[in-house]
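What follows is each chain in one-letter form.
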Amino acid sequence: MKKYMKHLYALICGRVDLIATVDIENDKGYPIVKAGGLITTELYNDLRTSTLLVSLEEAVCFSNKVSSDNIYRKIKKLVESDSSFLAIDEKFNNSNGLKKCCGSLVAYPVLDEILTAFSIEMPQLFDQSLVSAYLAYISCVISKKSQEESEITFLAALMHDIGLLFISRKVRNKAGCLTGSEWRQMQLHPIIAYKMLKYIKGFPIEARKAILDHHENMDGSGYPSSKSGESISDLGLLIGLLDDIIAIYRKKFRPLNRSLNDVYPIVQMNTHSYPDEVLSDVLQILKEVEPSVNKDIDVDTLRDLIEYTYQQQLFINKLMDIIGQIHRGIIVEDNDKDVVKLQRDYDNLSVVIASSGLQESSYIEWLHTLNGEGSSQLYNEIEHTRLMLEEVIYRVNSFYNSASAYSSKYSNEIAVKYKVFVDVYASTIYPVVPSSLENYWNSSSDRGV
Ligand SMILES: [Fe+2]
């Protein structure tokens, strides 16, 4: 555990006040800070340049730590600031159960240090993990799980992404597409957390397994181990699904004042990817939230939405054509696990597109013939399509990451083919959201939607 903590203090030190856990002396044995003394950021920077008898990162802890009380209060605040979460809370929450889940963290003292580092280094992801933990707890309320099971679920959801603290900042914060080797680094984060949490006495093995599995998919297309079917922990699948839902909501819907319920069609497209037990609780949570209320849309804006949706469709068709051509020409050998995985990703992508009916030529033609004359019902239908297309684009992007990783790792004939796709993807411009549409979505807030 020492080496993990040393890394975390080195990552955060100099940005927050610390406390000395032992006497800190210089190389001549002269005391500089007594055990229990405060080390301000200024003093820390001085100490870094001094020669000390102990390694500085091994002699400190955070001064203001994230406690279980903080976590409870922060979750309450996040829930109260969002009308979708508030609706869920009013229906399902039993504050006592949530309070106990937060209180259960006290059993693992080192977690407050790790969570403190997490909250400082990646504040947005920390908040997202709090919401994941909260919704995971709500799913336990719905399925009437015991308090003990709820605490394990809460803990796993709260800690699932802490492995990212050990991925280089440069890779983690990169704005553009990751290179193959960067993507392989990112894929290590579930394994790192799994290994680190082994050193925390009493940390539940079910929670560790779920953390290890939170990016695995039923069809074997996930990472880090490409597990499939029942070998993946249900709790891992639940956390992965909730995390995706929250990320989509926070990035795409909430900024446009849209409701969490709008994620529903996207989850529906992926029903084949989750066991019923996992899916039914999550769908029940989403159903509890009211859908967004659409204000009257003018003909021009509706026309822009149709055109934008049509362009999204063309974007997908272009990339899917290339992926299809590559896969028709590849003979997959069982021992080439990377290609088998890419083949599975492609199959999965094809199933999602086929099950949504998005690639049927009659539908695309119909979309193209629309002129914007219509009602809010037409808006709802096109918007529904747009959301499903966004999900397909997200999956094409995941395929790109895997193809990019493969083409940078190998130099064989298949890698050359994937490189063609990678280059085309990188040079294909994603359709831009028309400003009329952004204005329309933004204006929803004026009506208190
Ligand atoms: Fe993750």
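Residues numbered from 1 in each chain as written. Predicted model: local features only at pLDDT ≥ 70, side-chain atom pairs only at ≥ 80, totals over all residues.

## Focus: the sheet that holds strand β5 (residues 60-62)
Piece 1. Ordered by their spatial adjacency, 3 strands build an open sheet running β4-β1-β5, and the pairing between neighbours is antiparallel. Among the strands making up the open sheet, the edge pair consists of β4 (38-39) and β5.
Piece 2. Strand direction decides the pairing type here: strand β1 (residues 18-20) and β4, joined by 2 bridges, are antiparallel. Bridge pairing in β4 links leucine 18 to isoleucine 39. (Pairing = 2+ DSSP bridges. Helix = DSSP H or I, 4+ residues; strand = E, 2+ residues; numbered from the N terminus.)

## Some points on the packing of helix α8 (residues 147-159) against helix α12 (residues 205-213)
Piece 1. Remark: α8 packs on α12, axes separated minimally by 9 Å, with the N-to-C direction vectors making an angle of 35°. When you trace α8 past α12, the crossing you get is right-handed. For the pair formed by α8 and α12, the contact residues are Ile152, Leu155, Ala156 and Met159 on the first element and Glu206, Ala207, Ala210 and Ile211 on the second.
Piece 2. Split by residue class, the contact of α8 with α12 holds 7 nonpolar, no polar and 1 charged. (Axes fitted to C-alpha atoms, helices over the stretch in contact; angles between N-to-C directions. Left-handed = near helix turned anticlockwise from the far one by under 90°. Contact = placed C-beta atoms within 7 Å. Nonpolar A, V, L, I, M, F, W, Y, C, P; charged D, E, K, R; others polar.)

## Thoughts on unusual backbone geometry
Piece 1. Residue tyrosine 223 is joined to proline 224 through a cis peptide bond whose omega torsion reads 10°.
Piece 2. Here lysine 144, not a glycine, exhibits a phi torsion of approximately 55°, which is positive.
Piece 3. By secondary structure assignment, the location of lysine 144 is in the loop between α7 (123-142) and α8.

## Focus: the packing of helix α3 (residues 68-80) against helix α5 (residues 95-103)
Piece 1. Remark: α3 packs on α5, axes separated minimally by 8 Å, with the N-to-C direction vectors making an angle of 140°. Between α3 and α5, the interaxial angle falls into the category oblique. The two elements α3 and α5 cross, and the hand of that crossing is right-handed. Side by side, α3 and α5 meet where Ser68, Ile71 and Tyr72 of the first sit next to Leu98, Lys99, Cys102 and Gly103 of the second.
Piece 2. For the contact of α3 with α5, the per-class residue count stands at 4 nonpolar, 2 polar and 1 charged. (Parallel < 35°, antiparallel > 145°, perpendicular 65-115°, else oblique.)

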